[in-house]
Amino acid sequence: MPVLTHSLEGDVATIVLDNPPQNRLAPEFTQELSEAVDAITRSPARAVLLRAEGPDFSWGGDFRPWLDADRTSLRADFDQILSVINRFEQLRLPVVAAVQGLCFGGGFELALRADIILAGESARFGHPEQSLGIVTLLGGIHRVAERAGRALAYEWALTSEQVPATVMAEAGVINRVVPDDQLRTEAEAFTQKIAQGPTRAHVVHKALLRAWATGGIPSADQQLFDLAVPLYETEDVKDGLASAAKALKEGRPRPVLPFKGR
């Protein structure tokens, strides 16, 4: 049975963790996520929703295969999953994650690859790795540090505490906390909304933030016009500028455009 499924409905691609009861990232996860990323890359999707079935988003990786593995095979497995999960992070589309219940370990690190994280009010996040004597193997600690700062990232990695969604929102790790029973509805509506926006511009903003994360403001500034100026040749920008100019000339509010994503 697959531990992950993916689908496309209209402009929105959806990836669903479905490995009850804990939605652990079993060995099959790597190949299935790779296939999902490939399918989304080839599809006409303009936004992606990551969600999970069941009461919890994910308890993290399935550590049982590690018990008898040697260093060489562990390194190969970890290299492979990191490569795939980073491909997911680098999708040239906005990605929204909807998190409910427990979001721990590798599940937390997967959610951190999303651009926007919405969480149910009872959701809890954390790094259980120190309780096993290991570290955040998929880059969790430094991705939390990017969002919340070094002090909190290190504290949470040291303690493995279950951090409430409200605290994560206050720290800037997640974007929004919503009632548990409205999480999926709000996440789907938000993803659909951004899927109807100027997709090419959304992609450029995502690329600029990645440049900033890796090289700071100078790196983002250096790439700014190489990424931004080609937008002026797209249908969305041409229609947007013409519509705005016409509205200004006629002295009326600028209309909301039905962007095409091209």
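Data block above holds the structure.
Residues numbered from 1 in each chain as written. Predicted model: local features only at pLDDT ≥ 70, side-chain atom pairs only at ≥ 80, totals over all residues. Heavy atoms only, no water.

*Asks:* With reference to specific residues and values, describe the overall build of the protein chain.
*Replies:* Counting secondary structure elements, the protein chain contains nine helices and nine strands. Computed over the C-alpha atoms, the radius of gyration of the protein chain is 20 Å, within 12% of the 18 Å expected from 2.2 N^0.38 for a compact globule of 262 residues. If you line up the protein chain on its principal axes, its C-alpha atoms span 70 × 40 × 35 Å. Buried positions account for 42% of the 262 residues belonging to the protein chain. Sequence separation of at least 24 residues holds for 70% of the intrachain contacts in the protein chain that already meet a minimum separation of 6. Accessible surface, the protein chain as shown: approximately 14100 Å² in total, 56% of it carbon and sulfur. Computed over 27 positive and 34 negative side-chain charges, the separation of the two mean positions in the protein chain equals 8 Å. (Helix = DSSP H or I, 4+ residues; strand = E, 2+ residues; numbered from the N terminus. Rg over C-alpha atoms; globule rule 2.2 N^0.38 Å. Buried < 20%, exposed > 50% of the residue type's maximum accessible area, 1.4 Å probe, protein only. Contact = heavy atoms within 4.5 Å. Areas by Shrake-Rupley, 256 points an atom, 1.4 Å probe, with all protein chains shown as cover. Lys, Arg positive; Asp, Glu negative; His and termini not counted. Charge placed at Lys NZ, Arg CZ, Asp CG, Glu CD.)

*Asks:* Describe helix H2 (residues 71-89), listing the residues and the values that go with them.
*Replies:* For H2, spanning 19 residues, the distance from its first C-alpha to its last is 26 Å, which sits close to the expected 27 Å at 1.5 Å a residue. Among all positions in H2, only Leu74, Ile81, Val84, Ile85, Asn86, Phe88 and Glu89 are buried. (Expected span 1.5 Å × (residues − 1).)

*Asks:* Break down helix H8 (residues 199-228) for me, citing the residues and quoting the values.
*Replies:* Given a rise of 1.5 Å per residue, 30 residues ought to cover 44 Å, yet the end C-alpha atoms of H8 are separated by just 13 Å, more than 12% below that figure. A bend of about 140° at glycine 215 is the largest found in H8, and the proline proline 218 appears one to four places after it. When H8 is considered as a whole, its buried residues turn out to be Thr199, Val203, Val204, Lys206, Leu208, Ala211, Ser219, Ala220 and Ala228. Packed against the buried residues of H8 are H2, strand E4 (95-99), helix H7 (183-195) and helix H9 (235-250). (Bend = angle between axes of the 7 residues up to and from the residue.)

*Asks:* Tell me what's going on with the nonpolar core, and back it up with residues and numbers.
*Replies:* Membership of the largest hydrophobic core comes to 46 residues, with the highest contact counts inside it found for Ile15, Phe29, Leu33, Phe88, Val99, Phe125 and Val173. When near neighbours in sequence (up to four residues on either side) are disregarded, phenylalanine 29 contacts Val3, Leu4, Leu17, Ile81 and Leu110. The next biggest cluster of nonpolar side chains, apart from the first, holds twelve residues, and it includes Ala98, Leu183, Ala187 and Ala195. (Core = buried A, V, L, I, M, F, W, Y, C linked by side-chain atoms within 4.5 Å.)

*Asks:* Any details on the side chain of threonine 191? Residues and values, ideally.
*Replies:* As for its position among the elements, threonine 191 is in helix H7. Ignoring anything within four residues of it in the chain, the contact list for threonine 191 reads Val12, Ala47, Val48, Leu49 and Val96.

*Asks:* Kindly report on the pairing of strand E2 (residues 12-17), identifying the contributing residues and their values.
*Replies:* In terms of residue burial, E2 counts as a mostly covered element, since six of its six residues are buried. Of the two faces of E2, both are covered, the one formed by Val12, Thr14 and Val16 as well as the one formed by Ala13, Ile15 and Leu17. Relative to E2, strand E1 (residues 4-9) runs antiparallel, the two sharing six bridges. Bridging from a neighbouring strand, glutamate 9 pairs with valine 12 of E2. Where E1 folds back on E2, the antiparallel hairpin that results is connected by two residues, among which glycine 10 adopts a positive phi of roughly 65°. As paired elements, E2 and strand E3 (residues 47-52) share six bridges and run parallel to each other. In the strand pairing of E3, valine 16 is matched with arginine 51. Crossover handedness for the path E2 to helix H1 (residues 28-42) to E3: right-handed. (Pairing = 2+ DSSP bridges. Right-handed = clockwise from strand over helix to strand, strands pointing away.)

*Asks:* Can you tell me about a nonpolar patch on the surface, naming the residues and giving the values?
*Replies:* On the surface, Phe63, Leu132, Ile134, Val135 and Leu137 cluster together into a nonpolar patch covering about 410 Å² of accessible area. Its place among the elements puts isoleucine 134 in the loop between strand E7 (124-126) and helix H4 (140-148). Note on isoleucine 134: relative accessible area 31%, which makes it partly exposed. (Patch = residues over 30% accessible without salt bridge, like charges linked within 9 Å, V, L, I, M, F, W, Y side chains within 5 Å. Salt bridge = Lys/Arg side-chain N within 4 Å of Asp/Glu carboxyl O.)

*Asks:* Provide a residue-level description of unusual backbone geometry, including the pertinent values.
*Replies:* Across the junction of proline 20 and proline 21, the peptide omega takes the value 0°, indicating a cis bond. Position of proline 21 among the secondary structure elements: in the loop between E2 and H1. At serine 160, a position not held by glycine, the phi torsion is positive, near 55°. Here serine 160 shows up in the loop between helix H5 (150-159) and strand E8 (163-164).

*Asks:* Break down the packing of H4 against H5 for me, with residues and values.
*Replies:* Contact geometry for H4 and H5: axes closest at 7 Å, N-to-C directions at 145°. Pair H4 / H5 crosses with right-handed handedness. Of the residues in H5, those in contact with Ile141, Val144, Ala145 and Ala148 of H4 are Arg150, Leu152, Ala153, Tyr154, Trp156 and Ala157. (Axes fitted to C-alpha atoms, helices over the stretch in contact; angles between N-to-C directions. Left-handed = near helix turned anticlockwise from the far one by under 90°.)

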